Structure formats: structure tokens, C-alpha cells
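Residue-level structural notes
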Amino acid sequence: MALTGPSVAAASGTTKQLVILCHGYGSDGNDLIALAPYWAPLLPDADFIAPNAPQRCDGNPMGYQWFPITRLDPAEIALGVARAAPVLEQFIETQLQQRGLDGSKLALVGFSQGTMMSLHVGLRRRVGPACIVGYSGALAVPEMLAGEITCRPPVMMIHGDADDMLPVSRMHQAVQALGAAEVPVQWHVSPGLGHSIDQKGLELGGRFIADAFAGRATQG
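This text gives an overview of the structure that appears in the document. Everything numeric here is computed off the predicted structure, so don't read it as measured data.

Concerning the pattern of salt bridges
Following the criterion strictly, the structure yields five salt bridges and no others. Arg99 serves as the salt-bridge partner of Asp47, at 2.8 Å between the closest nitrogen and oxygen. Here Asp47, found in strand 3 (residues 46-49), pairs with Arg99, found in helix 3 (residues 74-99); they are 52 residues apart in sequence, far enough to count as distant. By relative accessible area, Arg99 is classed as partly exposed at 24%. Each member of the salt-bridge network shares a partner with another, and the members are Glu89, Glu93 and Arg125.

This is how it looks when you write it as C-alpha cells:
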């Protein structure tokens, strides 16, 4: 199936980069496309697009899910990302081709379940993205990463230490696994923040993407 979602064209009028924003469980593309106005001044040549995940959400019929999730069960998550990954990969390829862009001109941004998807797909692409930014998320099937990774783009993980949906320990586990796989990874913990994105995280993420597109971020 083909994914669709809201988009914002490059502020400069000339598209040289693409930022794909993957929302969390039970949400939709409108949630993360709201980041575009904050980042557009830093990324004037970037198009932004936030696809709705492929399935209506089991827990919230008004929203979408990348895959069903009843609990943070590793086997359930492993099956879910494996099934959803080809759909997101096809979306990425289509969007890049439509703009005449190479995969290195891509930034993947995720929130929660969208972070799992961005990391899973982004680290297995033939041409790695410029970077991956993950908010309030985790790394699915970390034990599989070393055997499946095909590229090592710089990664930024950002999480609140008061997150009761995905505890901040999941971010630390992801950072450890990414580092072990020789992925250049940075991280930030926002004190007192729940399952959300705060102003500091917004600023860090935007600067990280801008640096990656400008070649100032470390590639593995």
C-alpha cells in the first residue's frame, strides 16, 4: 500500500533535501508535520513530509499505527517492524525519486513507534540517510542490528526522564546497541519531560539535521 500524509515544501523554493517524519502509535502525520515551521529556517532547502502509518490504530481508531502493540514485548515488536519496514522503505524511495534526490539527502525523524521504524529502516538502507533523529523511542530487536546493518549515519536520541510510556532506559539501551554497532550516536535526556518533545529537544534535533546536511555530523 502507498502511504500518504501532510507535507511542507522547502521554504527556499528549491528542494535539495528531504525530511521524513514518522509519527507514534495512535497518532497521524499532522502531529509531526507541525515540526516543519520550527525547522524550516534551519533547513530552508528541505521538503518535509509526515506519512500516516499503514494501519488504523487498534487502541485509537482516529489514529494510525505502524504495527499493533499491546505491550513492550520484544517478539511482538520484532514482527511488527519487519512487516512495516518494506512499506516505509517503498515510501522513502518514492519520495526521493519524485524529487530527484539521492538517499544521502534524506533525514529520518521518528517519535516513539516512529523512532523504532526510522532506526530499523534507516540503518538497513543501501544508501544511508544523512542522519536519524529519534524522540521518545527505542531500538527494535537490538540483537539483530550487528548482522543486518548496512550503513552508519549519525543518530541523535532524545528522551524525557519522566516518560511513562517508553522509559528512558529504552533510550540508553538503544544508545549502547548503536555504539556497539559503531554507529555515531549522540543523546540528550530532558529532565521532567514525559512522552513528548520539548523546546530543547526541538532545537537539538533541528541543529543536528542541519549539521548532517551540511556535512558537519560524523558518519560511521
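Structural notes on the pairing of strand 8 (residues 155-160)
The buried count for strand 8 comes to six of six residues, which makes it a mostly enclosed element. In this sheet, strand 8 lies alongside strand 7 (residues 131-135) in parallel orientation, the contact comprising four bridges. Residue pairing in the sheet places Ile132 in a bridge with Val155 of strand 8. For the crossover that starts at strand 7, traverses helix 5 (residues 142-148) and ends in the parallel strand 8, the hand is right-handed. Across six bridges, the pairing between strand 8 and strand 9 (residues 185-190) is parallel. Across the sheet, the residue bridging to Ile158 is His188, located in strand 9. Taken together, strand 8, helix 6 (residues 168-180) and strand 9 form a β-α-β motif whose crossover is right-handed.

Looking at the nonpolar core
Ile20, Trp66, Phe67, Ile92, Met117, Leu123 and Met157 are the most contacted members of the largest nonpolar core, which totals 44 residues. At the level of elements, strand 2 (17-22), helix 3, strand 6 (106-111), helix 4 (113-122), strand 8 and helix 6 are the ones that each hand at least two residues to this core. If one sorts the elements of this core by residue count, helix 3 sits on top with nine residues. With near-sequence residues (within four places) excluded, Ile92 lies in contact with Ile20, Leu106, Leu108, Val121 and Arg125. Core analysis: the next-biggest nonpolar cluster, separate from the first, contains 28 residues, Leu35, Val109, Cys131 and Met156 among them.

Focus: the packing of helix 3 against helix 4
Look at helix 3 against helix 4: their axes get within 9 Å of each other, and the N-to-C directions meet at 70°. When the axis of helix 3 is compared with that of helix 4, the two are roughly perpendicular. Crossing geometry of helix 3 relative to helix 4 is assigned as right-handed. Contacts between helix 3 and helix 4 involve Ile77, Val81, Ala84, Ala85, Leu88, Glu89 and Ile92 on the former and, on the latter, Met116, Met117, His120 and Val121. Considering only residue class, the contact of helix 3 with helix 4 consists of nine nonpolar, one polar and one charged.

Concerning the environment of Arg124
For Arg124, the location among the structural elements is in the loop between helix 4 and strand 7. Sequence-wise, Arg124 and Val175 are 51 residues apart; in three dimensions their C-alpha atoms are separated by 17 Å.

What counts as what
Residues numbered from 1 in each chain as written. Predicted model: local features only at pLDDT ≥ 70, side-chain atom pairs only at ≥ 80, totals over all residues. Heavy atoms only, no water. Salt bridge = Lys/Arg side-chain N within 4 Å of Asp/Glu carboxyl O. Helix = DSSP H or I, 4+ residues; strand = E, 2+ residues; numbered from the N terminus. Buried < 20%, exposed > 50% of the residue type's maximum accessible area, 1.4 Å probe, protein only. Pairing = 2+ DSSP bridges. Right-handed = clockwise from strand over helix to strand, strands pointing away. Core = buried A, V, L, I, M, F, W, Y, C linked by side-chain atoms within 4.5 Å. Contact = heavy atoms within 4.5 Å. Axes fitted to C-alpha atoms, helices over the stretch in contact; angles between N-to-C directions. Parallel < 35°, antiparallel > 145°, perpendicular 65-115°, else oblique. Left-handed = near helix turned anticlockwise from the far one by under 90°. Nonpolar A, V, L, I, M, F, W, Y, C, P; charged D, E, K, R; others polar.

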